[in-house]
Amino acid sequence: MTLKRVRRLGLVAALPGIMVTPFASAQDSQREGIEEVIVTAQRTAESIQDVPIAVTALTGEMLEDQQVINPSDLQLNAPSVSFTATNFGNSSFSIRGIGRLVVAASGEAGVSTHINEVPITTNLNAVEFFDMERVEILRGPQGTLYGRNATGGAINFVTKMPDFESTNGFLDVESGDYDHLRIKGAVNVPFSDSLALRIAGMKLRRDGYIENVAFGQQDANGNVLRGINDDVDGRDIEAFRATLKWDISDRASAWFQYSHFDEDDDRVRITNQVCVTNSLPTTGCLPDAEGFESPHLGATTGGIFGGSAGALPAGVDGTDPALYAFPRPAINDFRDMHTDYEPIFEQKEDIYLFGFDYEFDNYALGIIGGYQETDYVSRQDYLMDVGPTLNPTALNPSGLWPTSAPAGRAGDDWRPGPCNLNDGTAGVFGGCILDVDQTRVFAFDQASNESEYWTVEAKLQSTFEGPFNFLVGASAYERETYGDYYVLANTLDLVTVYGSPALAAPPLYPGFFNNTTDPGGGDLSDGYAVFAEAYYDVTDSIKLTFGLRYNEDNKETEDTSVLFNAVDFSGGVGDPLWSRVAGFLLGAADTDPLAELYATPESLAAAAGTGGFSPERLAVNAQIPLVPQFGETRILTGSPSEEDWTEVSGRIGIDWQINNDSMVYAFFSRGYKPGGFNPAIPPAFQGQSAFTFDSEEVDSLEIGTKNTFFDGQLVLNGTFFIYDYSGLQVTRIANNSSINDNIDADIMGLEIEGVWRPDAVPGLSIDYAYSWLDSEVDGSESVDPVNRTGNNADLILLNNIDAGSLTAVNYVANEAQITQALVDDALANLGALDIRNGGTVQDVSYAANAAGVSIPAYFSRSFLDNNGVFTSDGLPVSLDGNSLPNSPEHTIRIGIAYTWNIDAIAGSLTARYDYYWQDESFAREFNSIGDEIDSWDQHNASLIYESADGRWTAKAWVRNLEDEDNVTGKYLTSDTSGFFRNYFLTEPRIYGASLRYNFGAE
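Residues numbered from 1 in each chain as written. Predicted model: local features only at pLDDT ≥ 70, side-chain atom pairs only at ≥ 80, totals over all residues. Heavy atoms only, no water.

Novice: For this particular structure, what's the right way to read the overall build of the chain?
Specialist: Per the secondary structure count, the chain includes 13 helices and 52 strands. Counting only residues that meet the buried cut, the chain has 60% of its 1002 residues in that class. The contacts of the chain with a sequence gap of at least 6 include a subset with a gap of at least 24, amounting to 72%. Surface exposure of the chain reaches about 37200 Å², of which carbon and sulfur atoms provide 54%. (Helix = DSSP H or I, 4+ residues; strand = E, 2+ residues; numbered from the N terminus. Buried < 20%, exposed > 50% of the residue type's maximum accessible area, 1.4 Å probe, protein only. Contact = heavy atoms within 4.5 Å. Areas by Shrake-Rupley, 256 points an atom, 1.4 Å probe, with all protein chains shown as cover.)

Novice: Looking at this structure, how should I read the environment of R241?
Specialist: Within the secondary structure, R241 sits in strand β15 (residues 235–246). Spatially, the C-alpha atom of R241 lies 9.7 Å from that of D131, the residues being 110 residues apart in sequence. If sequence neighbours within four positions are ignored, R241 has contacts with F130, D131, M132, T159, R198, I199, A200, Q257, Y258 and S259. A polar side-chain atom of R241 sits 2.4 Å from the main-chain carbonyl oxygen of F130. (Polar contact = N/O pair within 3.5 Å; in protein donor to acceptor, adjacent residues only side chain to side chain.)

Novice: How should I be thinking about helix α9 (residues 615–622) in this particular structure?
Specialist: The periodicity of an α-helix, 3.6 residues per turn, causes residues three or four places apart in sequence to face the same way. Buried within α9 are the following residues: R617, V620 and N621. Taken end-on, α9 shows its buried residues confined to a sector of 100°, consistent with a single buried face. Those residues of α9 that are exposed and aimed more than 90 degrees away from the buried face are P615 and A622. Packing partners of the buried residues in α9 comprise α7 (593–598) and α8 (601–607). (Arc of directions from axis to C-beta.)

Novice: Sorry, what's going on with the sheet that holds strand β6 (residues 111–115) here?
Specialist: Pairing is mixed in the open sheet, where five strands are placed in the order β3-β8-β9-β6-β7. In this open sheet, the two edge strands, each paired with only one partner strand, are β3 (55–59) and β7 (118–119). As judged from the two bridges shared by β6 and β7, these two strands associate in the antiparallel manner. If you follow I115 over to β7, its bridge partner there is V118. (Pairing = 2+ DSSP bridges.)

Novice: What's the story with a negative patch on the surface in this structure? I'm lost.
Specialist: Taken together, the side chains of D288, E290, E889, E920, E932 and D934 define an acidic patch exposed on the protein surface. Tracing the chain through its elements places E920 in the loop between β45 (907–918) and β46 (921–922). Accessibility expressed as a relative area gives 46% for E920, which makes it partly exposed. (Patch = residues over 30% accessible without salt bridge, like charges linked within 9 Å, V, L, I, M, F, W, Y side chains within 5 Å. Salt bridge = Lys/Arg side-chain N within 4 Å of Asp/Glu carboxyl O. Lys, Arg positive; Asp, Glu negative; His and termini not counted. Charge placed at Lys NZ, Arg CZ, Asp CG, Glu CD.)

Novice: Quick question: what am I supposed to make of the nonpolar core here?
Specialist: Taken as a class, soluble globular proteins show a tendency for nonpolar side chains to be buried jointly. Ranked by size, the top nonpolar core spans 28 residues in total, and within it L74, F93, F129, V135, I137, I155 and F157 carry the most contacts. Elements with a contribution of two residues or more to this core: α3 (60–65), β4 (81–85), β5 (91–95), β6, β8 (132–139), β9 (153–159) and β19 (344–359). Sorting elements by how many residues they give to this core places β8 first, with three residues. Here F157 is in contact with L74, T113, H114, I115, N116, L124, F129, M132, R134 and V135, once residues within four sequence places are set aside. (Core = buried A, V, L, I, M, F, W, Y, C linked by side-chain atoms within 4.5 Å.)

Novice: So what exactly am I meant to see when it comes to helix α4 (residues 301–308) here?
Specialist: Of all eight residues in α4, eight are buried; the element is thus mostly enclosed. Taken as a whole, α4 has its buried residues at T301, G302, G303, I304, F305, G306, G307 and S308. Those residues of α4 that are buried lie in contact with α6 (490–498) and β41 (858–859). G310 sits one or two residues past α4 and shows a positive phi near 85°.

Novice: Looking at this model, I keep getting lost on the packing of aromatic side chains. Mind explaining?
Specialist: Aromatic rings in a pair are described by how distant their centres are and how their planes are angled relative to each other. A full pass over the atoms with the stated rule returns 32 aromatic pairs. For the ring pair F88 and Y485, a centre distance of 5.2 Å and an interplane angle of 80° mean the geometry is edge-to-face. Of this pair, F88 sits in the loop between β4 and β5 while Y485 sits in strand β22 (residues 468–489); the two residues are 397 residues apart in sequence, bridging distant segments of the chain. On the basis of an interplanar angle of 70° and a centroid distance of 5.4 Å, the ring pair of F345 and Y376 is categorised as edge-to-face. Of this pair, F345 sits in strand β19 while Y376 sits in strand β20 (residues 363–381), and the two are 31 residues apart along the sequence. No difference in accessibility class separates F345 from Y376, as the two residues are buried. A cation sits over an aromatic face here: R43 above Y146, 5.5 Å from the ring centre. When the ring centre of Y209 is taken as origin, the NZ or CZ atom of R206, which lies over that ring, is 3.5 Å away. (Phe/Tyr/Trp six-rings, centres within 6.5 Å; stacked < 30°, edge-to-face > 60°. Lys NZ or Arg CZ within 6 Å of the ring centre and 35° of its normal.)

Novice: Which parts of the structure should I look at to understand a nonpolar patch on the surface?
Specialist: On the surface, F546, L548, V648, I652, F668, L701 and I703 cluster together into a nonpolar patch covering about 610 Å² of accessible area. When contributions to the nonpolar patch are tallied by element, the ones reaching two or more residues are β25 (542–556), β27 (642–659) and β31 (696–709).

Novice: Even after reading the chapter, I still don't get the pairing of strand β48 (residues 936–947), so can you show me in this structure?
Specialist: The two faces of the sheet receive side chains in turn, since in a regular strand these alternate between them. A large share of β48 lies buried, amounting to nine of its 12 residues. Summarising the sheet, β45 and β48 pair through 12 bridges and their orientation is antiparallel. Bridge pairing links Y915 to H939 in β48. Relative to strand β49 (residues 952–959), β48 is paired through six bridges, and the arrangement is antiparallel.

Novice: For this particular structure, what's the right way to read the packing of α4 against α6?
Specialist: To describe two helices that pack against each other, one gives the angle between their axes and the distance between the axes. Contact geometry of α4 with α6 gives a least axis separation of 8 Å together with a crossing angle of 40°. The orientation of α4 relative to α6 falls into the category oblique. For the crossing formed where α4 meets α6, the hand is left-handed. In contact with T301, G302, F305 and G306 of α4, α6 contributes T491, L492, L494 and V495. (Axes fitted to C-alpha atoms, helices over the stretch in contact; angles between N-to-C directions. Parallel < 35°, antiparallel > 145°, perpendicular 65-115°, else oblique. Left-handed = near helix turned anticlockwise from the far one by under 90°.)

Novice: Sorry, what's going on with the sheet that holds strand β51 (residues 981–985) here?
Specialist: Sheet strands line up and pair through hydrogen bonds in the backbone, either parallel or antiparallel. In spatial order, the strands read β17-β51-β50; together these three strands make up an open sheet with antiparallel pairing. Each edge of the open sheet carries a strand with a single partner, namely β17 (272–274) and β50 (967–972). Looking at each pair of strands side by side, their axes are set apart by 35° on average, direction ignored.

Novice: How do you make sense of the pattern of salt bridges when you look at a structure like this?
Specialist: For side chains bearing opposite charge, pairing can occur when the charged atoms are close. Applying the stated rule across the entire model yields 42 salt bridges. With a shortest N-O distance of 2.5 Å, E457 and R43 are connected by a salt bridge. On the criterion of sequence distance, the pair formed by E457 in strand β21 (residues 443–462) and R43 in the loop between β1 (38–39) and β2 (46–47) is long-range, its members being 414 residues apart. For the pair E457 and R43, a shared accessibility class is recorded, and that class is buried. Residues D914 and R893 are paired through a salt bridge, measuring 3.2 Å at the closest nitrogen-oxygen approach. Within this pair, whereas D914 is found in strand β45, its partner R893 is found in strand β44 (residues 890–902), the two being separated by 21 residues in sequence. Exposure remark for D914: the relative accessible area of 8% places this residue in the buried category. Sharing partners across several salt bridges, the network here consists of R96, R139, E702 and E751.

Novice: What exactly am I supposed to notice about empty space enclosed by the protein here?
Specialist: Empty space among the atoms can be located by rolling a probe the size of a water molecule over them. One pass over the full model with this rule turns up 12 cavities of 30 Å³ or more. Here the largest cavity is characterised by a volume of approximately 350 Å³. What lines the largest cavity is a set of 22 residues, and nearest its centre among them are I115, V127, E128, F130 and R241. Sorting the residues of the lining of the largest cavity by element identifies β9, β15, β16 (252–265) and β19 as the ones contributing at least two each. Looking at which element gives the most residues to the lining of the largest cavity, the answer is β16, with four residues. In the lining of the largest cavity, the residues fall into 12 nonpolar, seven polar and three charged. Considered as a void within the structure, the second largest cavity measures approximately 180 Å³ in volume. Taken together, 17 residues make up the lining of the second largest cavity; nearest its centre are I53, P141, Q142, R651 and S669. (1 Å grid on protein atoms, 1.4 Å probe; cavity = no way out; pocket = protein on both sides within 12 Å on 5 of 7 lines; lining within 4 Å. Points joined across faces, edges and corners; volume = space filled by probe spheres on them. Nonpolar A, V, L, I, M, F, W, Y, C, P; charged D, E, K, R; others polar.)

Novice: Can you help me understand the state of the cysteines in this one?
Specialist: Formally, a disulfide is one covalent bond, and it connects the sulfur atom of one cysteine to the sulfur atom of another. Counted by the stated rule, this structure contains two disulfides. A disulfide bridge connects C275 with C285, and the sulfur atoms are separated by 2.1 Å. Taking the sign of the S-S torsion, -105° for the link of C275 and C285, the bridge is left-handed. Here the residue C275 occupies a position in the loop between β17 and α4, and C285 occupies one in the loop between β17 and α4, the gap between them amounting to 10 residues. (Disulfide = S-S within 2.5 Å.)

Novice: How should the side chain of K555 be read in this particular structure?
Specialist: Residue placement: K555 occurs in strand β25. Judged by its relative accessible area of 3%, K555 is buried. One polar contact links K555 to E108, side chain to side chain, over a distance of 2.7 Å.

Structure, rendered in structure tokens:
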């Protein structure tokens, strides 16, 4: 911990740590006051006021009254919580700045999610709440009872269980703007006084929040874009669950639950692309500017390959409307989009859960477990634009440029079909193309996966009369995931078929990027834990708690990536031959790592010392598969495919029940999250020191208090915390891949939450919350992809054009070492590209430097290296003192409700207003101007009628009253995408009404 932070702690320690949890709905305020809420934060049922943990609990009624529709709304109702969608369709739920900051299949969340205490990794971005008992949000490391992935905290979604009393249920119909229709309902059926079934479900249909301004657009010939709607980001969701509860005997009980989720719509993974076009084809977009333009075409693979093939004007920036049949109109709103590709979002999920309890005389045994299957696919326009027109060329006089379809591999049961990577039938090269327009630049990406997961836990808890009690348990889990990520573009495919003479590239295969895991193995993870907590009552009012947990986690991966990997002998283009895996050229040495891996010893011996085109070398090459096989790149680079992590976590603390209304507590806790795998790229290409990223550890000191004042009119609780965080996992872009690093951080904060129901104003209810969060990176440094020079004026940013590299990947070089003679030599030998159009040099060269040299933006890095010029992926910049992502310093919420009992309408009327504000924050740990997320607020309001008999409830409501575009997160794309940023937003202003009928006796 830094001295600066210790001094700050001395100032803050004098502040009262006050945090409160709201308790009852507005309709109950006149009848019941502040009702007690029972939670299972310590894995046993307790009053929330008796739990020495910072926990917020929202009951089912509160979820309805406060318009908590999905997990995103939880940030509006609990301190130190933030939520954002992420780039590939999932989300990051953060508590006190800790969530999921990595982009990796093996990366995990920092806040563990549970359904009825069973750990389940559901996609929070798609969850809709219905028929809930409550939602519990536990803040701070929960390393003992919840274990791994709870470094930030834990969420427990508690669904309503069946009761044995009566047949009852409800039906709720809601309608609003955007043709919004949500139907929810449940029915409880008791079969006996010990067996009951509850079935609940919901259905949501609505139009998209984003207008597609390309809809109805006509070209000069009156042609209209086909296959798109006037809006995107709609919803078509169905979900239901069935729960069976059985009281087997006076001592034994069990429950079983099945839930199903199905979504099939045009949900967008991102709200919009944000960019201001760079005048140079280096970063594509200006690093710190905000606008709704397109990246410089020359900074993207589309512009480079299209330009080098002659299908686009070489070096053009793409701002000229004459390049487009459907020019991009001026866009000035986050909720406008210009795309000719209708998004696809499909997710299906089945979850099976169970619980069993048995009570002995002095012990309680509990066993819980679950099994989960998930199937997910999402497609979206990669650049979110209608691309420029592609021209005919001498090699392709038709002017039609097809796009590859996604492909599988031989024996791939997950993606069967005729498009096969291993036998050369994939993509345009193999005749498998998409039914999309072939006259303009087109690109989309696809993320998909299938997963299976199971977990089981057993715990034994004592119920002794004396001062000592304990809880012991063990858990195990296993997850198997296989998925892929595609980028498919016809400007990649043109290299597959025709090559690129300007880049000296022969035809290559395949013409798309695909990162995938083996359907026969995939990403595997499993582990187990044993844990125990001991509780000792020192006196009737003071209790000590001591807990430990041993965690062991194992991960395995069988993955591969393809893009321009394979040799094409039939094309007859050039020397040297192109091979797979960056930097390996067949014939470049007598011993080739690929040949060593696949060829027989006899053929290797015969080829020793022969040239690249010799029959012996060609015979060796014939034994090498067309594309990398699963695990191949990890073998060649020495990257591990299996890794283990072990850790002991736990907590120790004391709580003092001062009197019946007040308690204070202090705890030291340790949390843990396992590490994962980085892409199998040699460290020299990605600027990293390891092929894996490390686990996270957090040491937390927390002091809190819980109080009830004024004869139950006011509940006031609180906490102050300080963290020493080691190995926080973060992601940066390197060599077009997501590289995951570890950084250290210090965090401290204060949380206040409250609810007040004054007797003097019987119908009034006020609940509020405040959090202060101070997060700082401690002493780390990293290369910022959009500031590779590290603010060093001696360096210049260039695009690499080396054969075998991912074209347009940025690097830096010493500007003064690049002489005019060196530039002339490079241009003469294709070591650099001087892009010309009609004899005029395009804006792709830097203005003359101090020596009068105009340096082309496209320059071979290996050429400069071979001529003694200093080059680098980039210089690291210090992160010390920077704020962590998703960590607003201040948040405030207030909810005000007033209820009138009105005999004339035979019921009550409640007016409710909710307000939330959060401070500015950052999307990345670099804290650049482009990373800034502005402060934002949201106003919600509702008017609720409830009949006196409780049968009918009617509600009129509005959310985001001021229609603010509230940005919750950003994602910086890669070099070859132009470094545009994807923005994620909350919902716009929506309004509507609902009617609910309750039947039976609940």
